[in-house]
Amino acid sequence: MRRYLRYVLMNVEPIRIADDSTSQSGQTMTLKFIPGTTIRGLVVNALSRGKEFDEIRQALFSSDVRYLNACVSVEGKELFPSPKGFYEDKSEAQGKKRIENVVVEGAFREGMKRAALGRYACIEEDTVRYYGVETGSDLKIKINVSEEEQNVFRNEYITAGHFFTGYIAVEKPELEEAVRGVFDKMVILGNARSAGFGKCRVVSAEYVDKIPYGELLPGTDRKGSCYMMLLSNLAMRDENGEICGLNLKQMEKLMGVEHLSVKYCSTSTVDVRGYNRTWGIHTPSVTMYEQGSVFHLVYEGTLSAERMAAISDSGIGIRKNEGFGRVIFLDQYEKVTWKARGEETPEGKSAPAAARSAEACEEDAEVLKLTAGNYYRNLIRRKMREYVVDHPLQKGALGSSQLGKLEALTTAYKYDPAAGKKAIEQYFSHAEEKEANRKTQKARGSIKGLVREVRKVFDADLNGLLGLETGDTIMGVDIKELLTEEDVYRLKMKLLTELIRYDNKKEGAR
């Protein structure tokens, strides 16, 4: 039995997923939703580290698992891309505006203009309630470019505090737990991750047995005509395998009707592109009908409610695994005659202030601590480079084999510094005992000088050793909270490795 993993994400940091179809030179626009391709990349990359990946890889890239787009939700309402085809005039009554649907009659009154319906919408009886997405942008400067090149560019992003609801259709029960395990506490999506973008908190992730947006489906059969809206971009193949819009012959079979045609429609097209991060290449572009396009279909026969649900469940066209080809059939669409702006409450509004819950504030403190920790580490690494040059090893006339043994230990135990320190002490004890037995502890050839150097690094306060003055806090965070004892020993182990390697380079240059 097919089930859907329904997940809700809240972006605690701005999120940017580049929209190549609208971006121009010097300006990168962002998609206003999280595409299925991004979710697929998240799931596949997470599961690829598991032992059973080879067994499930094929299913993850097939229609057995379909990654739907994640759209903005407000107040728990699962919104969908705003439908096309509505026109309006300037009249307004009690916060509503009358609209006319060109998809129903194929015409609208003179003097009307295309209705502005934001990015997302929901339908409440005879009213389309629409919502926007709050975005921001930053300006950056390219360095090391010629005067003729554009050196200033703008990047758009979705501001923090949005809620996104998405679905993953899983055909095989044995994959359910693996896919669900990816959505634990935090996920990172989109571009500019190194700049602090894309961090999303997993609000919930549970399996459900309902079709996404199934509440919009007609509950009864439709004879002679119906309305179909695209929830995601769509393209099909014709009888020759070429990309086309709607393949009516193929849809006749899916719908169980004859002489299918499009009476009216309101559509736009988009050039869908992609980028394979693993291979570092752009994927071939495909022209598709854009999400939100609406078709008034007429036919001979009866389209059953079961077939409408099945088509909405499986999708149509190409690249269904990536979330393309999702459609929904609309009930009583011809009765929609009003539009109204959606009310955005603090519980689900698209603004950063909406995320200021106690849990979100804790996460902000966590992010600040992480940022301060990274800054502190960078300061230490810079001082370590200076220390290596200014404080060469006092090794006397020791041979390279003894230094090589020490370097092998510092490298082997760089991820387990406590065990490394113990192993180095054992090595020194053995070497000193061996030296004492041979009575060869001459001033220049003795290992004792190297032992003192190493123990000085291990025993000293790291900041004091490096001459690093930071004060008691960094970015308001107590410096003692930024590095664990294990972190400090790991950095000291790295410092010893760099001291030995620098000494080897100097010896090689002589």
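Structural data are supplied above this passage.
Residues numbered from 1 in each chain as written. Predicted model: local features only at pLDDT ≥ 70, side-chain atom pairs only at ≥ 80, totals over all residues. Heavy atoms only, no water.

All right, on to the overall build of the protein then. Helix and strand counts for the protein come out as 12 helices and 27 strands. With 510 residues in all, the protein has 46% of them scored as buried. When contacts within the protein are restricted to residue pairs at least 6 apart in sequence, those whose partners lie at least 24 apart make up 74%. In the structure as shown, the protein presents an accessible area of about 26,800 Å², 47% of it carried by carbon and sulfur atoms. (Helix = DSSP H or I, 4+ residues; strand = E, 2+ residues; numbered from the N terminus. Buried < 20%, exposed > 50% of the residue type's maximum accessible area, 1.4 Å probe, protein only. Contact = heavy atoms within 4.5 Å. Areas by Shrake-Rupley, 256 points an atom, 1.4 Å probe, with all protein chains shown as cover.)

Turning our eyes to something else, we now look at the sheet that holds strand 23 (residues 294–303). Adjacent strands of a sheet pair through backbone hydrogen bonds, lying either parallel or antiparallel. One open sheet accounts for 4 strands, arranged 20-23-17-24; its pairing is antiparallel. Each of the sheet's edge strands pairs with one partner strand only, and the pair in question is strand 20 (258–266) and strand 24 (327–329). Averaged over all pairs of adjacent strands, the angle between their axes in this sheet comes to 30°, without regard to strand direction. Two elements, strand 17 (residues 222–230) and strand 23, share 7 bridges in a ladder whose sense is antiparallel. When the bridges of strand 23 are listed, Arg-222 appears paired with Leu-303. Sheet strands touched by helix 5 (residues 248–255): strand 17, strand 20 and strand 23. Its angle to strand 20, the strand with the most contacts, is close to 110°. Contacts from helix 6 (residues 305–314) reach strand 17, strand 23 and strand 24 within the one sheet, and its direction differs from that of strand 24 by about 160°. (Pairing = 2+ DSSP bridges. Axes fitted to C-alpha atoms, helices over the stretch in contact; angles between N-to-C directions.)

Attention now goes to the environment of Glu-486. Here Glu-486 lies in helix 12 (residues 485–509). Taking C-alpha positions, Glu-486 is 9.1 Å from Tyr-415, a pair spaced 71 residues apart along the chain. If near-sequence neighbours (up to four positions away) are discounted, Glu-486 is found in contact with Tyr-415 and Pro-417.

This part is about the nonpolar core. Ranked by internal contacts, the top residues of the largest apolar core, which has 86 residues, are Leu-60, Ile-168, Phe-183 and Met-255. The residues touching Ile-168, leaving out its near neighbours within four places in the chain, are Arg-3, Tyr-4, Leu-5, Tyr-7, Ile-39, Val-43, Val-65, Arg-66, Tyr-67, Val-179 and Phe-183. Grouped together as the second largest cluster of nonpolar side chains are 37 residues, Tyr-376, Val-388, Leu-450 and Leu-491 included. (Core = buried A, V, L, I, M, F, W, Y, C linked by side-chain atoms within 4.5 Å.)

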